[in-house]
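Below, each chain spelled out in residue letters.
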Amino acid sequence: MPLKKYPSSNAAVSGASDPCVALLPIGVGACSPAPTVSQPAAPAPSPRKPVPELPALTEASASNFAQLTLKCVQKTYPNQPGLILDKPADVLPPEKAHPAFYGCYDWHSSVHGHWMLARLLRMFPSLPEAPQIKKALNENLTAKNIAIEAAYYNRPDTKAFERTYGWAWTLKLAEELMLGTSNETKTWAANLTPLADTLAARYLDFLPKQVYPIRTGLHPNTAFGLAFALDYANAVGDTKLKELLVARSTDYFGKDTDYPGKLEPGGSDFFSPALAEADLMHRVLPAGEFAKWFHAFLPGIAKGEAKNLLEIAIVTDRSDPQLGHLDGLNLSRAWCMRHIAAALPANDPARAVHEESGHTHATDGLRNVATGHYEGEHWLGSFAVYLLTEPK
């Protein structure tokens, strides 16, 4: 029987249609017995190179981020209001309807813009933009303005307003202000307390009613809303809120297995539903239990499966506010992967995968914060600063 001619690549051989081909050395007949010869041992895999640390947030880079948000935190238009209108008198300009959080295009972006400015001011009190930051926060975070914001949430028709993305970032802002030691920061924290209390109460009221989690890459993502709220509950010692958040996290996600990560991302995502869930569960579960849960949740991730989760999202038009969300996805994936990696054992193969992919996502995301397009610049700085300043 004449010998078949095989290509010179083992990869090509393994993909041939003949079922015997992949089992035979090159040059051996299609179904003839393989010769009995000793084969050299496969070379040991090369050790992974250490993943470099992300660049530290310096005063110079903090200044650049601050400038982006200072351009919008008191900028009224363009504006995407989320108003619920009951009567003609409810039609108000943004700064009247939401006197604290009217800038930065929409309510939630304004909230996390304030969070970013407060964090940068705490970390770099001598920042050149410090006087501008203090002026903006003094004017926006007054007791009167926050009372109007809280009153809006107490209307019966605003139950779903900013649920839970805006809620979560408001609690994150309250948590940040609690860390400040200056008299000004203490005043802002005290002024914000009625709104933070209102939204903490909203979680307590809503979560027992929410039977199913919202698994989306957009604002209503349940896992993200629970994660930031849990950080707040831990920070302020709110045992009742913490116990509910942990219980609902376990109810919603504790038994998840074989998550279809290959279906991500969505075309306008700024969260990964898979990674946001894991970022929550590492807060909820002890380290050993988290590793077990995680490998059941994404069982092939250590082998590079669900590669869509590990490759940066492609942004084709940063002037489009929906397509531009994908820059935020790269940033949020990065912080989730860094948190996940740190929560896994040092010898866990998935840890190295997440460290490498997280660094790749972070590098790309940080490169695309300041692009000259307001559609992204009004909010991406907050995601970048969270990535660079939040401990793993």
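On a predicted model such as this, the values are computed, not experimentally measured, just so you know.

1. Description of the overall build of the protein
Move 1: Of regular secondary structure, the protein possesses 16 helices and 0 strands.
Move 2: Residue burial in the protein is summarised as follows: out of 392 residues, 50% are buried.
Move 3: The long-range fraction of contacts in the protein, counting pairs at least 24 apart against all pairs at least 6 apart in sequence, stands at 75%.
Move 4: Taken as a whole, the protein presents about 18,500 Å² of accessible surface, with 58% of it coming from carbon and sulfur.

2. Structural notes on helix α9 (residues 222–236)
Move 1: With 15 residues, α9 extends 21 Å between its outermost C-alpha atoms, agreeing within 8% with the 21 Å of an ideal straight helix rising 1.5 Å per residue.
Move 2: Buried residues dominate α9, accounting for 12 of its 15 residues.
Move 3: Considered for burial, the residues of α9 that qualify are T222, A223, F224, G225, L226, A227, F228, A229, L230, D231, Y232 and A233.
Move 4: Buried residues in α9 make contact with α7 (165–179), α8 (183–206), α10 (239–253), α11 (273–284), α13 (325–343) and α16 (380–389).
Move 5: The opening residue of α9 is N221, an N-cap whose side-chain oxygen sits 3.1 Å from the backbone nitrogen of A223.
Move 6: In the stretch just after α9, G237 is the one whose phi turns positive, near 70 degrees.

3. Description of the state of the cysteines
Defined simply, a disulfide is a covalent bond joining two cysteines at their sulfur atoms.
Move 1: One pass over the full model with this rule turns up 1 disulfide.
Move 2: Two residues share a disulfide in this structure: C72 and C104, whose sulfurs sit 2.4 Å from each other. Taking the torsion about the S-S bond as the criterion, the C72 to C104 disulfide, at about 70 degrees, is right-handed. Here C72, found in the loop between α2 (59–70) and α3 (94–97), pairs with C104, found in the loop between α3 and α4 (107–123); they are 32 residues apart in sequence, far enough to count as distant.
Move 3: Using a relative accessible area of 0% as the deciding quantity, one classes C104 as buried.

4. Looking at the side chain of R338
Move 1: If you trace the backbone, R338 turns up in helix α13.
Move 2: Of the side chains bearing the opposite charge, E53 lies closest to the buried R338, which forms no salt bridge; the N-O distance is 4.7 Å.
Move 3: Those residues in contact with R338, other than ones at most four positions away along the chain, are L54, L387 and K392.

5. Notes on the environment of P213
Move 1: Along the chain, P213 falls in the loop between α8 and α9.
Move 2: In this structure, the C-alpha to C-alpha distance between P213 and Y252, residues 39 residues apart in sequence, is 6.0 Å.
Move 3: For P213, the contacting residues outside a window of four places in its chain are T222, Y252 and F253.

6. With respect to the confidence of the model for the protein
Move 1: Scored by pLDDT, the protein comes out at a mean of 89, with 88% of its residues at no less than 70.
Move 2: In the model, residues 1–40 has pLDDT below 50 throughout and makes 30 contacts with residues more than four positions away in sequence or in other chains.

7. With respect to the environment of E162
Move 1: Within the element layout of this structure, E162 appears in the loop between α6 (143–153) and α7.
Move 2: For the pair formed by E162 and G82, sequence separation is 80 residues and the distance between their alpha carbons is 8.1 Å.
Move 3: In contact with E162, not counting residues within four places along its chain, are W107, H108, Y153 and W167.
Move 4: A polar contact of 3.0 Å, which involves the side chain of E162, links it to the side chain of H108.

8. A few points about the nonpolar core
Move 1: Of all hydrophobic cores here, the largest spans 103 residues; its most connected members are F101 and F294.
Move 2: Contact partners of F294, with chain neighbours within four places excluded, come to A278, I301, I340, L344, A350 and H354.

9. Concerning the environment of G304
Move 1: Within the fold, G304 resides in the loop between α12 (287–297) and α13.
Move 2: Since its relative accessible area comes to 30%, G304 is described here as partly exposed.

10. Some details on unusual backbone geometry
Move 1: Note that the residue after Y77, namely P78, is joined by a cis bond; omega there is 0 degrees.
Move 2: One non-glycine residue, E162, lies in the positive phi region at around 60 degrees.
Move 3: E162 sits in the buried class, given a relative accessible area of 16%.
Move 4: Even without being glycine, A306 reaches a positive phi, approximately 55 degrees.
Move 5: Here A306 is to be found in the loop between α12 and α13.
Move 6: Accessibility expressed as a relative area gives 21% for A306, which makes it partly exposed.

11. Let's talk about the packing of α8 against α10
Move 1: The contact between α8 and α10 brings their axes to 10 Å, and the two run at 40 degrees. On the basis of their axis angle, the class for α8 and α10 is oblique. Note on packing geometry: the crossing formed by α8 with α10 is left-handed. Where α8 approaches α10, its residues A200, Y203 and L204 are matched on the opposing element by K240, L241, L244 and L245.
Move 2: Taken together, the residues of the contact of α8 with α10 sort by class into 6 nonpolar, no polar and 1 charged.

Basis of the calculations
Residues numbered from 1 in each chain as written. Predicted model: local features only at pLDDT ≥ 70, side-chain atom pairs only at ≥ 80, totals over all residues. Heavy atoms only, no water. Helix = DSSP H or I, 4+ residues; strand = E, 2+ residues; numbered from the N terminus. Buried < 20%, exposed > 50% of the residue type's maximum accessible area, 1.4 Å probe, protein only. Contact = heavy atoms within 4.5 Å. Areas by Shrake-Rupley, 256 points an atom, 1.4 Å probe, with all protein chains shown as cover. Expected span 1.5 Å × (residues − 1). Polar contact = N/O pair within 3.5 Å; in protein donor to acceptor, adjacent residues only side chain to side chain. Disulfide = S-S within 2.5 Å. Lys, Arg positive; Asp, Glu negative; His and termini not counted. Salt bridge = Lys/Arg side-chain N within 4 Å of Asp/Glu carboxyl O. pLDDT = per-residue confidence, 0-100. Core = buried A, V, L, I, M, F, W, Y, C linked by side-chain atoms within 4.5 Å. Axes fitted to C-alpha atoms, helices over the stretch in contact; angles between N-to-C directions. Parallel < 35°, antiparallel > 145°, perpendicular 65-115°, else oblique. Left-handed = near helix turned anticlockwise from the far one by under 90°. Nonpolar A, V, L, I, M, F, W, Y, C, P; charged D, E, K, R; others polar.

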